[in-house]
Amino acid sequence: MKKFFLILLMGLSISSFAQFNTPQVQEQPLGDGKVVGVLIDSLTKSPVEFATISLFKTADLTKPIDGTLTDDKGKFTIKNLQNGKYSIKLTSIGYSDKVIKLEEITDKNRTVNLNNVIMSLSAKLLNEITVTGQASVIEEKVDRLVYNADKDISAKGGDAGDVLRKVPLLTVDLDGNVQLRGSSNIRVLINNKPSTILASSVADALKQIPADQIKTVEVITSPSAKYDAEGSGGIINIITKKNNLQGYNLNLDIGAGNRGGNLGLNGNYRQGKFGLTLGGFGRGNFNRSRSEFEQITRTGENTFTTKQVGDSKDQQVFGRYSLGADYDISKNKSITAGARFGTRSSARDQTLQINQFLNGTPAGSSTRQVDTDNPSNNWDFNLDYLHIIKPQQEFSFSTLYSVNSLNNNFTNTYLNQGEASNLPFENVNKNLNQELTFQADYQTPIGKKQLIEFGGKGIFRFVDSEYGYRVNGMTISDPKRPSGSLDYNQNIAATYLSYTATTSNKYTFKLGGRFEYTDIQATQVNENKTTQIVIPAYHNFVPSVNISKTLGGKYTVKTGYNRRIQRPGLQQLNPNSNISNPQDIQVGNPKLSPEISDNIELGVSASIKKVYMNLSAFGRSTNNSISQVRISVDSLQGAIITTYQNIGKEKAVGFNWFGNVSLTSKWMLNGGVEGFYNFLNGQTTGLDGLTTSISNEGWNFNGRLMSMITIKNGWQVQAFGFARGSRVQLQGRQGGFGFYSLGVRKEFKNKKGSIGISGDNFIARSMKIRTSLESPLFSQNSTNYMYNSGVKVNFSYKIGKMGMDATSPRRRSKSVNNDDIKEGGGDNNGGQQQQPAAAPAGGGNRGPRR
């Protein structure tokens, strides 16, 4: 623990020292003059957001006397200027700097209006290529891919999972589980902030986020040392819509369909230096599915066969509510605070018909009623401070407290047995996950083409899980169904240093290193027996190298190397034995160790007139890989335990291709394909302590295509299709699936509202997914039928009035992001494990949005 606090204090104190030993912008007496203007991208003609405007006395261009940032419309205003001669310097990452000598401010000429100021692209610190053509749906930058979800007309009434299906590099299955380049080891951030609900279930968290409130989705493929070292599968940062204008507005969204409905209400109020946002979203849906399952277990000369059919009805209710405020302390200092509450209630009513055979002879049958109830509530509170000292020089300090309570409960009742067996038995599993985070970051330029970043971070996690079984309301003691608890505390201290340089011949280099120290204290109680789980403290040094080169203004080549670590998540650690399906028992492993991955990437992109294309190759090598493992137990009953183990090594090599083309000024088409080859090799440990060598390998493919057409009088049409091939798993293959949608929207003439209709998978009645698993002791084949076809109608309307007043310009905000926990559920298989990204250890400076 001494090392932990030493590292944490060192990182935080260095950042704080830099903040309080930096020259400040000179304060000036107030006057009546002002300068206004709008920055426009020379290529796309779109606004340049969050550019830095520095004001100088024309006689001295070395010391800025005032400054501001452009808003999301590219507008800026500098007020309260005395009479005199001034010049301004315009700076934005990815653009050439521009200095403009202004007209003299006098009593007769108090306002200098620059109107539209054109900003030209350059290979600056974060050189980026923008997808040209209608709507600019996809943008690619040196360290990430950006999908502009606000261009998606079919998003109304859906959730974040519906949006992520359309993002290149990502796949989302029909249950909402997300993979990035085939790897499920990802972290999802919301506005650069983590949440404890994301640690327990990414799929459930995505269902709480309304699709129509998402502005962009960022997938960062090559993070610097500033980002958390964990998250070997990658990070997805979901940026929601914000409003920086003065005044107020209120947005109402209503949707209804054959599988559910939604209601959303979001408001904004901003006056002077103070801004307030309030949002609420509720969504309910229902669905049904059918599963057919055959499992064969072998022991000695005996073969035990289980055939099972399950019919399920699912009901889910999700809600997310938020309150946020920001205040400009001065021109260069701001503070933001927020509180968010999320709730989820998921219930499944399932009937299982089980038939068993021993060496081909019937050995018994049963019918079971399984009722599952998984309520969850989570709170997030943040407080962030940002000081923009001068262009590209800033200090931030951020805090976050997050808590999630989650219950995994089920009741299992025999329907065709004797009276004693008809008594239902229940599994009650209560989980509480808390996180407290502090971080400080500082960055400063060295000349015009270099940047230094450093800082520190501390994460304190507290996980408690209580579990047990009851029959007729009475707690039972059974070795096969143990009762107990897990107390798991994890502390992480980190410090980093990152250096960025851009050369005159359009090379960009970003080099860095990060050091993290992890301390874990864990205690497990099983049937009143207390066991101290010994997990030694460990430390990791994580280097990163990223290089990009721009050729002829149309082509960009980039390469990167990163080492990442991946710590196990709550779902993988939880020792509760979930036997809602008696033939497939789910149990976690609190003794898991972190996995370590080395990642390389090489990519080339081209933007020629109305066509944009990107091709990248990637590779990943993971040691101590955390994988889902099935173990045959109790062969007389044919049951299998599904758990998690550090199996050994996993390797993947593959490619991604995606492109965007504007066929006309009103017709856009984009799509892509992805393929990767997986190697998995290691050892599994059975309940008897014996190890078994195991391996698997094979190809995996996906593809997607989307088209959007804008018609006259406010009409738009959008079509989307996606297909995922079968997936290699450690012990078999999981079947592929497809998804398609078609949507039409009509915008009202007053631009304040719209109405639309869309359909998902509406041609076929159901979708079939086949999965096969194999080991020396068992084989398993299953078929799932998903009845997920749906049609929905959505209505949206906005009231209120907001206008531009840049007296107190809104700034970029900094915030906590924790991207270091591995998501449970699903095998750790797939393509390149992406590096965590989306928000650095200090927050959300994402550069210009074009």
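Residues numbered from 1 in each chain as written. Predicted model: local features only at pLDDT ≥ 70, side-chain atom pairs only at ≥ 80, totals over all residues. Heavy atoms only, no water.

Enquirer: Which residues make up the sheet that holds strand E3 (residues 66-69), and what are the values?
Expert: If you walk across this open sheet you meet the 4 strands as E3-E2-E5-E6, and the pairing is antiparallel. In this open sheet, the two edge strands, each paired with only one partner strand, are E3 and strand E6 (98-101). Strand after strand, the sheet turns through a mean of 20° between neighbouring axes, direction not considered. (Pairing = 2+ DSSP bridges. Helix = DSSP H or I, 4+ residues; strand = E, 2+ residues; numbered from the N terminus. Axes fitted to C-alpha atoms, helices over the stretch in contact; angles between N-to-C directions.)

Enquirer: Before we move on, can you summarise the nonpolar core with the specific residues and values?
Expert: Judged by nonpolar contacts, the single largest core of 37 residues is most densely connected at Tyr147, Leu164, Ile214, Val217, Ile236 and Ile238. Among the nonpolar cores identified, the runner-up in size contains 20 residues, and Val35, Val48, Ile88 and Val117 belong to it. (Core = buried A, V, L, I, M, F, W, Y, C linked by side-chain atoms within 4.5 Å. Buried < 20%, exposed > 50% of the residue type's maximum accessible area, 1.4 Å probe, protein only.)

Enquirer: Please set out the confidence of the model for the protein residue by residue, giving values where relevant.
Expert: With 80% of its residues at a pLDDT of 70 or more, the protein shows a mean pLDDT of 79. Between the elements of the protein, mean pLDDT differs from a low of 38, seen in strand E8 (residues 128-130), to a high of 93, seen in strand E27 (residues 484-502). The low-confidence segment residues 123-135 (pLDDT under 50) makes 64 contacts with residues lying over four places distant or belonging to another chain. Counted against residues more than four places away or in other chains, residues 802-812, with its pLDDT under 50, gives 47 contacts. (pLDDT = per-residue confidence, 0-100. Contact = heavy atoms within 4.5 Å.)

Enquirer: Would you mind going over the environment of Tyr95 in detail, with residue names and values included?
Expert: Assignment of secondary structure puts Tyr95 in the loop between strand E5 (86-91) and E6. Given the relative accessible area of 0%, Tyr95 is considered buried. Placed 26 residues apart in sequence, Tyr95 and Leu121 show a C-alpha to C-alpha distance of 4.3 Å. A polar contact is formed between the side chain of Tyr95 and the side chain of Asp41, at a distance of 2.7 Å. (Polar contact = N/O pair within 3.5 Å; in protein donor to acceptor, adjacent residues only side chain to side chain.)

Enquirer: Can you lay out the pattern of salt bridges for me, pointing to particular residues and giving the numbers?
Expert: Side-chain pairing between opposite charges can occur once the charged atoms of the two side chains come close. Applying the stated rule across the entire model yields 14 salt bridges. With a closest N to O distance of 3.5 Å, Arg110 and Asp32 form a salt bridge. Of this pair, Arg110 sits in the loop between E6 and strand E7 (111-119) while Asp32 sits in the loop between helix H1 (2-19) and strand E1 (33-41), and the two are 78 residues apart along the sequence. What makes Arg110 partly exposed here is its relative accessible area of 33%. Of the charged contacts in the structure, one is a salt bridge between Arg567 and Glu516, with a shortest N-O distance of 3.2 Å. You can see Arg567 sitting in the loop between strand E31 (555-566) and helix H5 (570-573) and its partner Glu516 sitting in strand E28 (residues 507-526), a full 51 residues away along the chain. Looking at Arg567, the relative accessible area reads 0%, which means it is buried. When its relative accessible area of 3% is taken as the criterion, Glu516 is described as buried. Salt bridges linked by common partners bring Asp32, Asp107 and Arg110 together as one network. (Salt bridge = Lys/Arg side-chain N within 4 Å of Asp/Glu carboxyl O.)

Enquirer: Explain the side chain of Asp441 residue by residue, including any values.
Expert: Its location among the elements puts Asp441 in strand E24 (residues 425-445). Here Tyr496 takes part through its side chain, which lies 2.5 Å from a polar atom of the side chain of Asp441.

Enquirer: Please give an account of a positive patch on the surface that cites residues and values.
Expert: A contiguous patch of positive charge on the surface is contributed by Lys73, Lys75, Lys752 and Lys798. In this fold, Lys798 is placed in strand E45 (residues 790-803). Lys798 sits in the partly exposed class, given a relative accessible area of 34%. (Patch = residues over 30% accessible without salt bridge, like charges linked within 9 Å, V, L, I, M, F, W, Y side chains within 5 Å. Areas by Shrake-Rupley, 256 points an atom, 1.4 Å probe, with all protein chains shown as cover. Lys, Arg positive; Asp, Glu negative; His and termini not counted. Charge placed at Lys NZ, Arg CZ, Asp CG, Glu CD.)

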